[in-house]
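Structural overview
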Amino acid sequence: MTIEASRILGRTGVRIAPLTLGSMNFGRWQDEKESLRIIDAALDAGVTAVDTADVYAAGVTEEIVGKGLRGRRDDVFLATKFHGQVGDDPSHAGNSRRWVTRAVEDSLRRLDTDYIDLYQAHRPDPNTDLLETLQTLNDLIRAGKIRYYGTSVFPAHEQVRAHWLAEKHGLIAPHTDQLPYSLLVRGSEREVFPVAQRYGVGVISYGPLAAGWLTGKYRIGGEQPASARADLIPGRFDVDAPANERKLAAADSLAVLAENVGLSLIDLAIAFALNHPAISSVIIGPRTAAHLDAYLAAAQTSLTDDVLDRIDEIVAPGTQFHDRDTGRDTPSLQPAALRR
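These notes cover the structure that comes with them. Here the structure is a predicted model, which means the values were calculated and not measured.

Inspection of the secondary structure assignment puts Arg198 in helix H6 (residues 192-199). Measuring from C-alpha to C-alpha, the distance between Arg198 and Phe154 comes to 15 Å, with 44 residues separating the pair along the chain.

For the rest of this paragraph, the subject is the environment of Thr304. Assignment of secondary structure puts Thr304 in the loop between helix H10 (289-298) and helix H11 (305-314). Along the sequence, Thr304 and Ile270 sit 34 residues apart, while their C-alpha atoms lie 14 Å from each other.

Our focus in this paragraph is unusual backbone geometry. Positive phi outside glycine occurs at His83, with the angle close to 130 degrees. You can see His83 is positioned in the loop between strand E5 (77-82) and helix H3 (97-111). Located in the positive-phi region is Ala210, a residue other than glycine, with phi close to 50 degrees.

It is worth spelling out the layout of surface pockets at this point. As a volume, the second largest pocket reaches approximately 330 Å³. Forming the boundary of the second largest pocket are 21 residues, of which Gly187, Ser188, Val192, Thr326 and Arg328 lie nearest the centre. When residues of the lining of the second largest pocket are traced back to their parent elements, those giving at least two are helix H5 (156-169) and strand E8 (176-180). By residue number, the principal contributor to the lining of the second largest pocket is E8, which donates three residues.

What follows concerns the nonpolar core. General note: in soluble globular proteins, nonpolar side chains tend to be found buried as a group. Formed by 91 residues in total, the largest nonpolar core has its most connected members in Leu19, Tyr119, Leu184, Leu254, Leu268 and Ile311. Here this core gets nine residues from one element, more than from any other, and that element is helix H9 (residues 265-275). In terms of nonpolar packing, the next biggest core, distinct from the first, is built from nine residues, Ile16, Phe77, Ala79 and Ile204 among them.

Looking now at the pattern of salt bridges. Taken as a whole, this structure holds 20 salt bridges when the rule is applied. Across the salt bridge formed by Glu259 and Arg219, the nearest N and O atoms sit 3.3 Å from each other. Here Glu259, found in helix H8 (residues 245-260), pairs with Arg219, found in the loop between strand E9 (202-206) and helix H7 (228-232); they are 40 residues apart in sequence, far enough to count as distant. By relative accessible area, Arg219 is classed as partly exposed at 26%.

With the rule as written, the count across this model stands at two cavities of 30 Å³ or more. Empty space within the largest cavity amounts to approximately 50 Å³. Lining the largest cavity are Asn95, Ala121, Leu130, Thr133, Leu134, Leu137, Tyr149, Gly150, Thr151, Phe154, Ala162 and Pro174. Looking at the lining of the largest cavity, the elements with two or more residues in it are helix H4 (130-142) and strand E7 (146-152). A breakdown of the residues in the lining of the largest cavity according to their chemical character gives eight nonpolar, four polar and no charged. One number sums up the size of the second largest cavity: a volume of about 40 Å³. Elements with a contribution of two residues or more to the lining of the second largest cavity: strand E4 (49-51) and E5. Class assignment of the residues belonging to the lining of the second largest cavity gives a composition of six nonpolar, one polar and one charged.

Relative to each other, H5 and H6 sit at 20 degrees, their axes nearing to 9 Å. As summarised for this structure, H5 and H6 are arranged roughly parallel, according to the angle between their axes. The two elements H5 and H6 meet at a crossing, and its hand is left-handed. Residues Ala156, Gln159, Val160 and His163 of H5 lie in contact with H6, whose contacting residues are Val192, Val195 and Tyr199. A per-class count over the contact of H5 with H6 returns five nonpolar, two polar and no charged.

With that settled, the discussion passes to H9. Of all eleven residues making up H9, ten are buried, and the element is well covered by its neighbours. Listed as buried for H9 are Leu265, Ile266, Asp267, Leu268, Ala269, Ile270, Ala271, Phe272, Ala273 and Leu274. If you follow the buried residues of H9, they end up packed against strand E1 (7-8), strand E3 (19-22), H8, strand E10 (279-284), H10 and H11.

Moving on to helix H1 (residues 32-44). A rise of 1.5 Å per residue sets the reference length of H1, with its 13 residues, at 18 Å; its end C-alpha atoms lie 18 Å apart and thus fit the reference within 8%. Looking only at H1, the buried set comprises Glu34, Ser35, Ile38, Ile39, Ala42 and Leu43. End-on, the buried residues of H1 take up no more than an arc of 165 degrees, which puts them together on one face. Exposed side of H1, more than 90 degrees from the buried face: Lys33 and Asp44 are the residues found there. Elements that come into contact with the buried residues of H1 comprise E3, E4, helix H2 (60-68) and H10. Backbone nitrogen of Lys33 and a side-chain oxygen of the N-cap are separated by 3.3 Å at the start of H1; the cap is Asp31. At the exit of H1 stands Gly46, carrying a positive phi of roughly 105 degrees.

Time to look at the side chain of Ser23. Here Ser23 is to be found in the loop between E3 and H1. Of note is the side chain of Ser23, whose polar atom sits 2.8 Å from the backbone oxygen of Asp51. Setting aside residues no more than four positions away along its own chain, Ser23 makes contact with Asp51, Thr52, Tyr56, Thr61 and Val65.

Thresholds applied
Residues numbered from 1 in each chain as written. Predicted model: local features only at pLDDT ≥ 70, side-chain atom pairs only at ≥ 80, totals over all residues. Heavy atoms only, no water. Helix = DSSP H or I, 4+ residues; strand = E, 2+ residues; numbered from the N terminus. 1 Å grid on protein atoms, 1.4 Å probe; cavity = no way out; pocket = protein on both sides within 12 Å on 5 of 7 lines; lining within 4 Å. Points joined across faces, edges and corners; volume = space filled by probe spheres on them. Core = buried A, V, L, I, M, F, W, Y, C linked by side-chain atoms within 4.5 Å. Buried < 20%, exposed > 50% of the residue type's maximum accessible area, 1.4 Å probe, protein only. Salt bridge = Lys/Arg side-chain N within 4 Å of Asp/Glu carboxyl O. Nonpolar A, V, L, I, M, F, W, Y, C, P; charged D, E, K, R; others polar. Axes fitted to C-alpha atoms, helices over the stretch in contact; angles between N-to-C directions. Parallel < 35°, antiparallel > 145°, perpendicular 65-115°, else oblique. Left-handed = near helix turned anticlockwise from the far one by under 90°. Contact = heavy atoms within 4.5 Å. Expected span 1.5 Å × (residues − 1). Arc of directions from axis to C-beta. Polar contact = N/O pair within 3.5 Å; in protein donor to acceptor, adjacent residues only side chain to side chain.

The following block contains the structure:
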């Protein structure tokens with residue numbers, strides 16, 4: 001089964017497939033040989049974009065992606081990210097001009113490429129003036145090292161500020177934002193999506209299966225599924241935790257809905273993420289060929305208005321069950337910000 005580059009990435013004019021290959025598993029939960037097989041299979045199936053980050057497996061993931069794209073680089077929209085600490089030196093992190101100009105060179109070397117199609121700030125950096133980051137990324141575009149730049153899990157007010165600063169200083173504004181979005185993580189519908197649509201920002205969403213909650217394994221009365229991510233962040237996955245009770249009930253109801261309309265929960269989840277008009281492409285992270293085939297099939301699933309209405313009854317638009325599901329720590333909710 002194959003897909004086509006049928007979507008446009010925000011205001012860039014770049015054609016992109018509805019699914020983007022995510023690489024976070026490569027070199028961490030997937031060895032190099034299997035990772036390279038997945039890259040080949042995804043590209044053969046019509047996937048046009050690959051997303052990675054310098055912080056994944058401390059740079060090893062970028063190296064694997066670079067190997068996987070040899071001979072195919074010109075046909076792929078390659079995206080990577082900066083911000084997270086790479087290595088033991090705490091100065092090797094953040095969104096400052098000093099670090100970004102070094103980080104891009106490191107990524108170019110590991111990816112074995114002369115340019116990066118999309119360079120993304122992996123997270124906001126409260127210690128760096130946003131204008132400095134925007135100016136640096138504009139300089140990288142002029143230098144030909146990157147083609148476009150974007151943000152990742154930036155709150156709506158930071159996106160508005162980025163566009164205001166760009167307009168004020170005659171800069172190119174961010175082209176994309178990457179964020180989590182799924183049947184169980186709908187917080188972006190409140191403010192981020194409207195802002196993205198207002199400014200022509202292409203949204204590349206990740207986590208359509210809500211880190212495993214929408215695989216069909218999380219059911220009321222069922223056993224806690226084994227998960228590497230659950231071992232890393234138990235609070236987000238423990239089905240017995242009070243904070244997850246409503247989330248588990250919703251996941252179970254969505255599984256029932258999928259069964260009733262003749263779909264797998266994976267079909268329902270990916271089709272839902274692709275249905276929102278703000279979304280340009282959805283990142284998938286298949287660990288096997290079977291996973292990839294399932295995601296490709298799901299991308300061609302259409303949902304009727306009746307099904308979408310039923311989804312809204314189960315999980316109301318804008319719902320956020322767990323703040324950590326946003327992919328970021330909210331500074332204004334940290335204890336230091338709340339002590340008056």
